[in-house]
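Structural overview for review
Chain by chain, the residues run as shown.
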Amino acid sequence: MTISVSRGMGRIPLAFGILGVIALSSCGGGSSGAGSGGGGGSSSSSSSSSSSSSSSSSSSSSSSSSSVLTSANVLAEMAPGVNFGNTLEAIGSGTPPFSTSQEGAWGNPAANQAIFDAYKAAGFKSVRIPVAWNEYADASGNINAAWMARVTEVVNYARNSGLYVIINIHWDGGWMQPTYADQAAVNARLTTFWTQIANNFKTYDDHLMFAGTNEVAVKDTYTAPTAENCAVQNGFNQAFVTAVRATGGNNASRFLVVQGYATNIDWTVSCDATLPADSASGKMMMEVHYYDPYDFTLNSGSTIWQWGASATDPTATETWANESYTDAQFQKVKTAFVDKGVPVILGEYGAYTKPAYPGMDAYRLKWDQYITHSAFGHGVVPIYWDTGALINRSTGAPVDTNGITTLIDAAK
């Protein structure tokens, strides 16, 4: 993701290294993020090998059945959700294009069936799988077949577990710059990538969703977007929708997820209130993210470790982004989208403890509970950002049982 602070207009994105926030949990690469961490190169060869289960014709993962999702039941069907972060979107340290999986480059083990079974058993209903594509593509945008097979295999793991699945083009090295200078090249590459991805998954039913981008914003620019930025970023959303619909099959009616500018709530409402043109009716979702207040949730160097009405130390607490602010932010997206029949996903959110403040965990759980419940109460699907702190990525064993219980119980 793109880390942020507030300066009166909601979150302002800040570039930040993937593992620079905290060792166990950090945000996914945003368009202005650094996108490195953990060290190491490619994962073991088993990570990139394909198998018969990888095929998009797998009977357990694909279907020509009618859609199961509607704008009215998305919340009940998908909430709560979790991110499978810092894995398939990991950027390798070698020279691309890669022909083997780099999913272990940021320190996580290779994806496996056990972790997705564990998500389902814990009570999560959906999983967002951030994916890098550019490092596996040649200069013409042709995606390596082995990587496509590996992503398909991981999607099948999640579908075999009974989870709804969202895959995207994540930070991906930061090539999606919303400027007129970059517009044509980015639109062309988005179209090339999404045509290939959509064709690969065209037989899958509505348990699989595509999300066009991640946190698109101009690199190293932390102020509100200009009219140019908004227009170009909206164009990226349109290029994605147009490319996917053109592939036909189940993609003609699949739910597609478009993003607000930087996935910032205020900028989403101001930039992206008009959705892309779509040949399918009522089959589009909007995505926003929420990490406010940054000094509490993500800034490991901050002395802010308390949050909310129960905070006891004013010097350890931010004066903004507490309960009333949270409710007001989610009301904005409810009014702009949910009330108009457009489902909204909270594609990333999370708060992570600081070792220097052992008392922070109670406030972290309170933040997790309140944001999850407020999002759900405003009709927004909460999908928590996790990189392995909740559930062991190798065995599927619960790691943070209090955190898991808090998230599951709050989404109701």
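Residues numbered from 1 in each chain as written. Predicted model: local features only at pLDDT ≥ 70, side-chain atom pairs only at ≥ 80, totals over all residues. Heavy atoms only, no water.

On to the packing of aromatic side chains, then. Two measures describe an aromatic ring pair: the distance that separates the ring centres and the angle between the ring planes. For the structure shown, the criterion picks out 21 aromatic pairs. Ring-pair connections join several aromatic residues into one group, and the members of that group are Tyr290, Phe330, Tyr349, Tyr352, Trp367 and Tyr384. The residue whose ring lies beneath Arg254 is Phe210, and the NZ or CZ to ring-centre distance is 4.9 Å. (Phe/Tyr/Trp six-rings, centres within 6.5 Å; stacked < 30°, edge-to-face > 60°. Lys NZ or Arg CZ within 6 Å of the ring centre and 35° of its normal.)

For the rest of this paragraph, the subject is the packing of helix α10 (residues 360-377) against helix α11 (residues 401-410). Following both chains from N to C, one finds α10 and α11 inclined at 20 degrees, their axes separated by 8 Å at the closest point. With respect to α11, the axis of α10 lies roughly parallel. Relative to α11, the crossing made by α10 is right-handed. Taking contact as the criterion, the partners of Arg364, Leu365, Asp368, Gln369, Thr372 and His373 in α10 are, on α11, Asn402, Gly403, Thr406, Leu407 and Ala410. Counted by class, the contact of α10 with α11 contains 3 nonpolar, 6 polar and 2 charged residues. (Axes fitted to C-alpha atoms, helices over the stretch in contact; angles between N-to-C directions. Helix = DSSP H or I, 4+ residues; strand = E, 2+ residues; numbered from the N terminus. Parallel < 35°, antiparallel > 145°, perpendicular 65-115°, else oblique. Left-handed = near helix turned anticlockwise from the far one by under 90°. Contact = heavy atoms within 4.5 Å. Nonpolar A, V, L, I, M, F, W, Y, C, P; charged D, E, K, R; others polar.)

Okay, the side chain of Asn214 next. Inspection of the secondary structure assignment puts Asn214 in the loop between β6 (208-211) and α6 (227-246). Owing to a relative accessible area of 2%, Asn214 belongs among the buried residues under this scheme. Among the polar contacts made by the side chain of Asn214, one reaches the side chain of His170 at a distance of 3.4 Å. (Buried < 20%, exposed > 50% of the residue type's maximum accessible area, 1.4 Å probe, protein only. Polar contact = N/O pair within 3.5 Å; in protein donor to acceptor, adjacent residues only side chain to side chain.)

Taken in spatial order, the 8 strands line up as β3-β4-β5-β6-β7-β8-β9-β10 and close into a barrel, and their pairing is parallel. Within the sheet, the average angular offset between the axes of one strand and its neighbour, ignoring direction, is 30 degrees. In the packing of helix α4 (residues 145-160) onto the sheet, contacts are made with β4 (126-129), β5 (164-168) and β6, and the angle to β5 comes to roughly 160 degrees. (Pairing = 2+ DSSP bridges.)

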